Amino acid sequence: MSKCELAEMSTAKEQPGPSKPSGSAQEEKERDERMFECNICLDTAKDAVVSMCGHLFCWPCLYQWLETRPARQLCPVCKAAISKEKVIPLYGRGITKQEDPRNNVPPRPAGQRSEPEANAGFSGFGFGEGGFHMSFGIGAFPFGFFTSTFNFGETRPGAAPRGSPQFLEEQFLSKVFLWVALVFICWLVMA
Amino acid sequence: MANIAAQRIKREFKEVIKSEEVAKCAIKVELVNDSFTELKGEIAGPPDTPYEGGNFVLEIKVPETYPFNPPKVRFITKIWHPNISSVTGAICLDILKDQWAAAMTLRTVLLSLQALLSAAEPDDPQDAVVAKQYKEQPEMFRQTAKHWTSVYAGGPAKMSDLDDKIRRLTDMGIEEHNARVALSSYNWDLERATEQLFMTVMAKN
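Residues numbered from 1 in each chain as written. Chains lettered and ligands numbered in written order. Predicted model: local features only at pLDDT ≥ 70, side-chain atom pairs only at ≥ 80, totals over all residues. Heavy atoms only, no water.

- If you look chain B up in an unreviewed UniProt entry, it shows as Ubiquitin-conjugating enzyme E2-22 kDa isoform X1 from Neodiprion lecontei.
- A UniProt comment under Sequence similarities (unreviewed entry) is attached to chain B, and it reads "Belongs to the ubiquitin-conjugating enzyme family." (UniProt positions renumbered as here; feature names shortened; annotations may be inferred.)

- Identification of chain A as RING-type E3 ubiquitin transferase from Neodiprion lecontei is taken from an unreviewed UniProt entry.
- A UniProt comment under Catalytic activity (unreviewed entry) is attached to chain A, and it reads "S-ubiquitinyl-[E2 ubiquitin-conjugating enzyme]-L-cysteine + [acceptor protein]-L-lysine = [E2 ubiquitin-conjugating enzyme]-L-cysteine + N(6)-ubiquitinyl-[acceptor protein]-L-lysine."
- Per UniProt, the comment on chain A under Subcellular location (unreviewed entry) is "Endomembrane system".

Here it is, written out as structure tokens:
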């Protein structure tokens with residue numbers, strides 16, 4: 001206890017010292033640096049990733065933690081459920097270093113990047129934004145005519161950009177309809 | 001891998017020394033060897049508990065796989081507590097087992113142990129005898145824990161009635177600590193403690 005009392009006295013002495021402002025500035029700097037420390041190795045995060053609960057880690061550190069307890073994948077800080085797939089890499093402006101080959105760690109998951117939504121309308125057939133459509137059907141001809149003719153104000157949604165999931169889906173759907181049409185025609189011919 | 005463990009302990013060590021708990025004398029960490037694999041911890045008995053005024057020394061062994069696995073901690077100072085073995089000092093605390101998380105540090109471990117001293121978990125005991133006393137005779141438990149604190153951890157309380165009972169047994173040639181354990185285990189019933197002590201002596205012979 002006596003040692004502690006001494007320690008307390010010495011800290012009490014230091015506090016009102018003249019070097020207080022520089023000390024607090026240094027403290028602030030230290031705090032800033034600590035904000036970017038990995039929660040596992042306590043060093044500045046390398047190959048930084050952030051969990052969905054917002055905690056920062058080195059990717060190799062987090063990977064090793066998840067490998068240590070595959071059955072209990074919890075955030076080391078707040079014990080929220082986490083998974084390897086659901087971490088976000090942080091790309092700063094610094095040089096991206098080569099990964100240490102000794103760490104047999106798979107590459108850090110890539111960020112998910114989605115294209116911004118296309119706003120430009122489809123301007124097909126030179127009719128401009130108005131979208132003039134005509135169709136002639138047999139069946140319920142007059143009604144079909146009305147519904148297809150009086151839709152001047154509406155704009156058709158633009159085609160999905162190439163490579164996006166929506167584009168692939170549309171391609172797939174158009175193939176399906178093509179096959180349905182072919183089967184229908186075959187059936188008509190046979191009948 | 002051992003490198004990560006040593007690096008981290010070094011950082012933690014620096015941090016814990018600067019922490020306000022150390023300034024308040026609530027916790028303390030010391031190095032035992034240069035390789036940072038073994039440390040000595042110390043926690044102060046929390047106020048308003050039978051452990052108040054005592055200083056409890058801990059053995060901390062840092063595994064190669066730290067911080068992915070918890071440090072191995074046990075009490076060196078003898079203590080009367082439901083979740084700590086009165087014989088070996090082994091601790092039953094979830095964060096030192098399956099509830100460990102890699103972001104925990106020496107500081108948080110020591111503070112958790114201090115919290116364990118204020119809030120025992122008698123339903124998840126390490127020492128069944130102590131836990132039974134804690135549940136069935138809380139006042140007796142408090143007295144015993146206070147007595148152990150004063151004898152082994154430098155606590156302030158002097159309990160002459162308990163000391164007298166121990167002296168009665170030591171006068172019969174029984175080692176003091178054994179006498180204390182027997183009396184504590186039998187709720188300070190001198191007859192039953194004596195009986196039990198001589199039974200074990202006879203069994204050994």
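Structure's up, so let's keep going.
With respect to the packing of helix 7 (residues 176-185) of chain B against helix 8 (residues 190-204) of chain B
Residues and elements named next belong to chain B.
Then comes step 1: Running from N to C, helix 7 and helix 8 point in directions that differ by 125 degrees, and their axes come no closer than 8 Å. With respect to each other, helix 7 and helix 8 are oriented oblique. When you trace helix 7 past helix 8, the crossing you get is right-handed. Of the residues in helix 8, those in contact with N178, A179, A182 and L183 of helix 7 are L190, A193, Q196 and L197.
Then comes step 2: Looking at the contact of helix 7 with helix 8 residue by residue, the class counts come to six nonpolar, two polar and no charged. (Axes fitted to C-alpha atoms, helices over the stretch in contact; angles between N-to-C directions. Helix = DSSP H or I, 4+ residues; strand = E, 2+ residues; numbered from the N terminus. Parallel < 35°, antiparallel > 145°, perpendicular 65-115°, else oblique. Left-handed = near helix turned anticlockwise from the far one by under 90°. Contact = heavy atoms within 4.5 Å. Nonpolar A, V, L, I, M, F, W, Y, C, P; charged D, E, K, R; others polar.)

As for the pairing of strand 1 (residues 27-31) of chain B
Residue and element names in this part refer to chain B.
Then comes step 1: Bridge count between strand 1 and strand 2 (residues 38-44): five bridges; the pairing is antiparallel. From the neighbouring strand, L31 faces strand 2, where its bridge partner is L39.
Then comes step 2: The hairpin formed by strand 1 and strand 2 contains six residues between the paired strands, and F36 there has a positive phi angle of roughly 60 degrees. (Pairing = 2+ DSSP bridges.)

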